[in-house]
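As a plain string of letters, each chain reads:
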Amino acid sequence: MSLSRRTRLAVLAAALLAISGMPAHAQEKPRPGGILNWFDYGDPGRLDVHAESPLVVQQATAGVYSGLLQYDPDEPSKIIGDLAERWTASPDGKTYTFHLRKNVKWHDGQPFSSADVKASFDRMLNPEFKSPKCGAALKPMVASVEAVDPNTVEFKLKFAAAPFLPSVASAWCRVAAKHILAKYGDLNAPEAQIGTGPFKFKKYERGSVIEWEKNPSYFIPGLPYLDGVKQFILVGGPTQLAAAKASKIMLWDAWPPMRKTQADELARARTDVDIYQAPINTVFFVYLNAKKPPFDNPDMRRAVNLAIDRQDLVSKALEGAGVPCAILDPKLVGDFALPLDEVAKAPGCRQPKDADLAEAKKLVEKHYPGGLDVEVAVRQVGNYVDRGQLVIAQLRKIGIRGTMKTHESAAGYAAFGKGDFTIIASQDRAMDINEPSGVFHIAYTTEAGSNYGQYSDPKVDEMAERALKETNRDKRKQAYWELQRYLLARGDHASVAVGWVEGWFFKDKKLRNYKPGLTTYDNNTFMKVWIAQ
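Since the structure is predicted, the reported quantities are computational estimates derived from the model, not experimental observations.

Q: I tried to follow the packing of helix α18 (residues 458-469) against helix α19 (residues 473-490) on my own but got confused; where do I start?
A: Packed helices, taken two at a time, are described by the angle their axes make and the gap between the axes. Interhelical geometry of α18 versus α19 gives an angle of 160 degrees and a closest axis separation of 8 Å. Accordingly, the angle class assigned to the pair α18 and α19 is roughly antiparallel. The crossing of α18 and α19 is left-handed. Across the interface between the two elements, K459, V460, M463, A464, R466, A467 and L468 of α18 pack against R476, A479, Y480, E482, L483, Y486 and L487 of α19.

As structure tokens, this is what we get:
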């Protein structure tokens, strides 16, 4: 077993052990019925899981769709079949054949077949279609998808790639119905939420609630146990914490995590919850728009990279629960991550900040002798506004004077996707898979799904592709070390990694068979979760 896999399992095991009382529940018989009350941090607005990247879109539809593969609800680090019963790989690792379950029905009663799989993946792999999660992960690897017969699908890869199966198992690589895509053109409308998953999409009231109901024809007999899931749309930490304290929600397992002070407040209010600390495989980024002034100038991007005090932001904004500066977190990917003592010596990460701030100020004065005024954008979710104020204060030290602009969650994503910003002061990006390639194809390569700054460096693309293709583990580790060193040394990328986010979470003690996933997107279909009396 590789070090990185051992590390991932250790992190997951720690989170599971922190949820007290689980061994005593192991012999209980699952109890059917009941509604799980959960929450989303904002209103998704659009529901197309193929075309969107906000967590709330994935949460809103998680139990509605199935994938070819999934992470095992009972053993969340293990990949198992979902719509695929089994799969095989060719000796050269470049052809994967998936054998599909038979007699599966869509929620509208239509039969599922390989044509649906092909339609879904052709859509996400289309070069003209922006698929910031599943598509961004698979486009570098997949050459074609073919329906061999109604129950068999074949993926041809451009090269043997270690992240292929984890990417297909991602919570974003869900299979949609070909006839629904043909009818609606996309998956944005509530009426288009026709899946094969354990729950049917029941209701969406904008700004209020999303509901699922049990799928009585689910292809795994006896599941799900729950009658349904209700997701309250709760915007802002105080609102979310108030709902938790009032027992309105039974589970806080996703972004944004509670801070330590919030967890302590919840513990004083409720004794019927298990509270635990865990990483959520998510990076806190500051984004610079590299396509328009002033950050189309590499000197100005370097100035911001030098001025941002990552340690201070993690200390104040995350109450110390995070890993500052790292492009890869060793807690999550083991020795694929550059050693943290080396990272701490890089420009922008060095402490004390005096030398970096002096250099950053000179760069700004070189191009803007009197300093400059910029608009600083954030979405009004989590504690982004507070984080934004901290970033503005740091940039003021080098002559960049920021004015805050706030967006509603979905509107912010729309603006950022169009490049309608100068600086995004705080935007967390969660990994789709727990694999070292993930962060580069989310934030750093030209075609990365969340490369909001639209920065392009052919050398970054070449290095990321070389690491992705490498099959020898030691050589692959070295390739990722070289890529991390290159990004840290240049210090002019438009995606500025502040740190990896950690925090506190809780589950109601009546909730049974819930196990946290390796990313914030995994294991939230609730297909095997049940509620004790």
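Q: Which parts of the structure should I look at to understand the state of the cysteines?
A: Note on terminology: disulfide describes a covalent bond linking the sulfur atoms of two cysteines. Counted according to the given criterion, the structure contains 1 disulfide. Put simply, C134 and C173 are joined by a disulfide, and their sulfur atoms are 2.0 Å apart. Here the S-S torsion is close to 105 degrees, and the disulfide linking C134 with C173 is therefore right-handed. Linking C134 in helix α5 (residues 134-138) with C173 in the loop between α6 (164-168) and β9 (174-175), this pair joins segments that are 39 residues apart in sequence. With relative accessibility at 2%, the residue C134 sits in the buried group. Judged by its relative accessible area of 0%, C173 is buried.

Q: Which parts of the structure should I look at to understand the sheet that holds strand β10 (residues 199-205)?
A: The strands that make up a sheet are held in pairs by hydrogen bonds between backbone atoms, and each pair lies either parallel or antiparallel. Strands sit in the order β1-β12-β11-β10 across an open sheet of 4 strands; the sheet is mixed. Every other strand in the sheet has two partners, leaving β1 (35-40) and β10 as the edge strands with one partner each. Shown here is a sheet whose adjacent strand axes are inclined to one another by a mean of 20 degrees, direction ignored. For β1 and strand β12 (residues 228-233), the ladder comprises 6 bridges, and the chain directions are parallel. Paired with L36 across the two strands is V229, which belongs to β12.

Q: Could you clarify how one ought to interpret the packing of aromatic side chains in this entry?
A: How two aromatic rings sit relative to each other is set out by the distance from centre to centre and by the angle between their planes. Enumeration over the complete set of coordinates arrives at 23 aromatic pairs. On the basis of an interplanar angle of 55 degrees and a centroid distance of 5.2 Å, the ring pair of W255 and Y384 is categorised as tilted. Of the two residues, W255 sits in the loop between β13 (251-252) and α9 (260-269) while Y384 sits in helix α15 (residues 384-396), which places them 129 residues apart along the sequence. Summarising the aromatic geometry, the rings of F440 and Y480 are spaced 5.5 Å apart at their centres and angled 15 degrees between planes, so their arrangement reads as stacked.

Q: What is the right way to look at unusual backbone geometry in this model?
A: Glycine aside, the phi torsion of most residues is negative, and most peptide linkages are trans. For the bond running from L223 to P224, omega is -5 degrees, close enough to zero to count as cis. Topologically, P224 is positioned in the loop between β11 (209-214) and β12. Residue P294 is bonded to the preceding P293 through a cis peptide linkage, with omega at 0 degrees. Tracing the backbone shows P294 in the loop between β14 (273-288) and α10 (298-307). One non-glycine residue, E319, adopts positive backbone phi at about 50 degrees. Judged by relative accessible area, E319 falls into the partly exposed class, the value being 30%. The backbone of Q454 shows a phi angle near 55 degrees, a positive value even though the residue is not glycine. On the secondary structure map, Q454 appears in the loop between α17 (438-444) and α18. By relative accessible area, which is 34% here, Q454 ends up partly exposed.

Q: Which parts of the structure should I look at to understand the pattern of salt bridges?
A: Side chains bearing opposite charge may pair, as long as their charged atoms lie close to each other. Throughout the structure, instances matching the rule amount to 38 salt bridges. Across the pair R302 and D299 runs a salt bridge whose closest N-O atoms are separated by 3.3 Å. With a gap of 3 residues between them, R302 and D299 both fall in helix α10, about one helical turn apart. K469 serves as the salt-bridge partner of E465, at 3.1 Å between the closest nitrogen and oxygen. Pair noted here: E465 and K469 are both in helix α18, with a separation of 4 residues, about one helical turn. Judged by its relative accessible area of 37%, E465 is partly exposed. Given a relative accessible area of 38%, K469 falls into the partly exposed group. Taken together, the shared-partner salt bridges in this structure form one network comprising D299, R301, R302, K366, D457, R490 and D492.

What counts, and where the lines are drawn
- Residues numbered from 1 in each chain as written.
- Predicted model: local features only at pLDDT ≥ 70, side-chain atom pairs only at ≥ 80, totals over all residues.
- Heavy atoms only, no water.
- Axes fitted to C-alpha atoms, helices over the stretch in contact; angles between N-to-C directions.
- Helix = DSSP H or I, 4+ residues; strand = E, 2+ residues; numbered from the N terminus.
- Parallel < 35°, antiparallel > 145°, perpendicular 65-115°, else oblique.
- Left-handed = near helix turned anticlockwise from the far one by under 90°.
- Contact = heavy atoms within 4.5 Å.
- Disulfide = S-S within 2.5 Å.
- Buried < 20%, exposed > 50% of the residue type's maximum accessible area, 1.4 Å probe, protein only.
- Pairing = 2+ DSSP bridges.
- Phe/Tyr/Trp six-rings, centres within 6.5 Å; stacked < 30°, edge-to-face > 60°.
- Salt bridge = Lys/Arg side-chain N within 4 Å of Asp/Glu carboxyl O.

Just distances and angles here, no functional claims.
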